[in-house]
Amino acid sequence: MKLVLSQEQQELRAAVRDFLRTASPLPKVRQGYDPQVYARLNGELGLSGLIIPEEYAGAGAGLTELAVALEETGAALLPGPFLATAFAAIALTRVPDKELMTGIAEGRIAATLDETELSFDGASASGTAAQVLSGMEADVLVAPARTGGGDLVMVAVELAGPGVTRTALETLDLTRGQARVALDAAPARVLGAAPETGIGDRLCVALAAEQLGVMRAALDAIVAYAKIRVAFGRYIGSYQGVKHKLADMHGKLEQAESIVRYAAWAADEEPGELPGAAALAQAYVGRACFEVARDHLLLFGGIGFTWEHDAHLFYKRAKADEVLLGPPRIHRARLAQLLEL
C-alpha cells in the first residue's frame, strides 16, 4: 500500500494549485462558472482526460492522479462541470466510447452522469432526472436506461438537442449548480451494457478527494486568521479553546487524507479492497468535511456569518457534497455489511 504521493503526483498537485490560484481565486468563484477557465483547465493541464486511456487522447492515469486534481479543485471551490465530467469519465472507463471520451479528453465536451434509470426505445430516451450535477453547463448526459426487452444499458444524450428540457434548481451550494432534466423521446446513443458494479465505488473516492480539498482549504484559512485576529488583547490562536478546536480539525483532516489515499490506491491497485475503502471514504470523509467547514465558519465569529465572507461558500459546498452520493449513514451501513458486523 502506498499512501505518499510520488514526485510526479506532487508536481501535478502543484501545477493545478498554481493554475487555480491565478485563474479561479475566490472572488472569481463568486461570479460563477466561467467556460474560459474550464477550457484552460483542460487545454493547459488536460485534467478532464486524466483517467481516459491514451488511445482516446487521454493521459491514461489512475484514480490516484484524478484524486490529486480533485483535491485541488475542491480546495479552490472551482465552479462548473469538472466534478460532473470526472464522474462521467469514470463511468466511461467501464463502457468506453471513442467519440465521447475523446471529446472529454480534448476539453470539447463537458459531461455529467446521473443514476436515474431512463427508458430507451432503440433510438431515443425518455424520463426525468431530478437533480443532475452541473446539468445546465454539461453538454452530454450519461445515464442508465432500460430497453423494451428489459436490458439495462448506458446511453448518452445531447443536452442541447431536441426533446430535452433543462430547469436550473435553487441549490444550497452557490458555487456549483444542479438541474432538473426532462427527456421526451430525446435522441440517445447506446454506449454499452450498464456495468453491474464498480462505478459507484469509484465515484465515492472521487468525491472524497474533493471533500479532502475543501477541508484543507477551510483549515488553512482559519489557521491563518487565528494568527492575526486579536481579541481582548491577544491573538485568538493563543486561546486554549481555539487551539483545541483547530487541533480537532487537523486530526480529522489527517485521517481523511489517509482514507482518501488508501481508497484511491485500492481503486488502482487492489480492486478487491475498493468496496470497503469507498464506503469508508464516504462514511467518514463526508461528515468530517462538513464538521471542519462548520467549525471554520464558527471560529471566524460574526464576520463568518456574513454574505461578504467566503466561509459560507465552504460550508455550503461541504454540506452539498456530504449528501451528493447519499448521506454518511448509508455508507456506514454498507461498510458494516461488508465487514459482516
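As a convention, each chain's residues are numbered from 1 in the sequence order in which they are written. It should be noted that, the model being predicted, local features are given only for residues of pLDDT at least 70 and side-chain atom pairs only at 80 or more, the latter also being counted only at that level, while totals for whole chains, interfaces and linings use all residues. Note: side-chain values were computed over all heavy atoms of the structure, leaving out hydrogens and water.

**Thoughts on a nonpolar patch on the surface**
Residues enter patches when their relative accessible area tops 30% and they take part in no salt bridge; the joining distance is 9 Å for like charges and 5 Å for the nonpolar side chains Val, Leu, Ile, Met, Phe, Trp and Tyr. Accessible areas in this description were obtained via Shrake-Rupley with a 1.4 Å probe; residue shielding takes into account the shown protein chains only. When a carboxyl oxygen of Asp or Glu lies within 4 Å of a side-chain nitrogen of Lys or Arg, that pair is called a salt bridge. A surface patch of nonpolar side chains, amounting to about 350 Å² of accessible area, comprises Leu-338, Leu-339 and Leu-341. Each helix corresponds to a stretch of at least 4 residues labelled H or I by DSSP, and each strand to a stretch of at least 2 residues labelled E; elements are numbered beginning at the N terminus. Relative to the helices and strands, Leu-338 is located in helix 11 (residues 328-338). The classification of residues rests on relative accessible area computed with a 1.4 Å probe and restricted to protein chains. Under 20% of the type maximum is buried, over 50% is exposed, and intermediate values are partly exposed. Take Leu-338: its relative accessible area is 40%, and that puts it in the partly exposed class.

**Some points on the pattern of salt bridges**
Summed over all chains, the structure comprises 24 salt bridges. Here Arg-317 makes a salt bridge to Glu-210, at a shortest N to O gap of 3.5 Å. Pair noted here: Arg-317 is in helix 10 (residues 311-324) and Glu-210 is in helix 7 (residues 199-226), with a separation of 107 residues, a long-range link. Take Glu-210: its relative accessible area is 2%, and that puts it in the buried class. What emerges from the salt-bridge pattern is a single network uniting Asp-173, Arg-176, Glu-210, Arg-317 and Asp-321.

**Remarks on the pairing of strand 3 (residues 124-133)**
One ladder, built from 2 bridges, connects strand 2 (residues 118-120) with strand 3; its direction is antiparallel. Note on strand 3: the bridge partner recorded for Phe-120 is Ala-125. Here, a strand pair is defined by DSSP locating no fewer than two bridges between the strands. What sits between strand 2 and strand 3 in their antiparallel hairpin is a turn of 3 residues, with Gly-122 showing a positive phi close to 110°. Pairing of strand 3 with strand 7 (residues 178-193) involves 7 bridges; the strand directions are antiparallel. Bridge pairing in strand 7 links Ser-124 to Pro-187.

**A closer look at the nonpolar core**
Throughout, nonpolar core names a set of buried Ala, Val, Leu, Ile, Met, Phe, Trp, Tyr and Cys residues whose side chains join them through atoms within 4.5 Å. The biggest cluster of nonpolar side chains holds 98 residues, and the ones touching the most others in it are Leu-100 and Leu-113. With 17 residues, the single largest contributor to this core is helix 7. Within the second largest apolar cluster, 18 residues are counted, among which are Val-155, Leu-159, Val-181 and Ala-188.

**Quick notes on the packing of helix 9 (residues 274-299) against helix 11**
Here, axes are lines fitted to C-alpha atoms. For helices the fit covers the stretch in contact, and angles between N-to-C directions go from 0 to 180 degrees. Close contact between helix 9 and helix 11 brings their axes to 8 Å; oriented N to C, the two are set at 145°. Like other packed secondary-structure pairs, helix 9 and helix 11 cross with a definite hand, here left-handed. Judged by residue contacts, Pro-275, Gly-276, Ala-279, Leu-280, Gln-282, Ala-283 and Arg-287 of helix 9 engage Pro-328, His-331, Arg-332, Arg-334, Leu-335 and Leu-338 from helix 11. Crossing handedness: left-handed means the near helix sits turned counterclockwise from the far one by under a right angle, and right-handed means the same turn made clockwise. Residue contacts are counted whenever heavy atoms from the two residues lie within 4.5 Å of one another.

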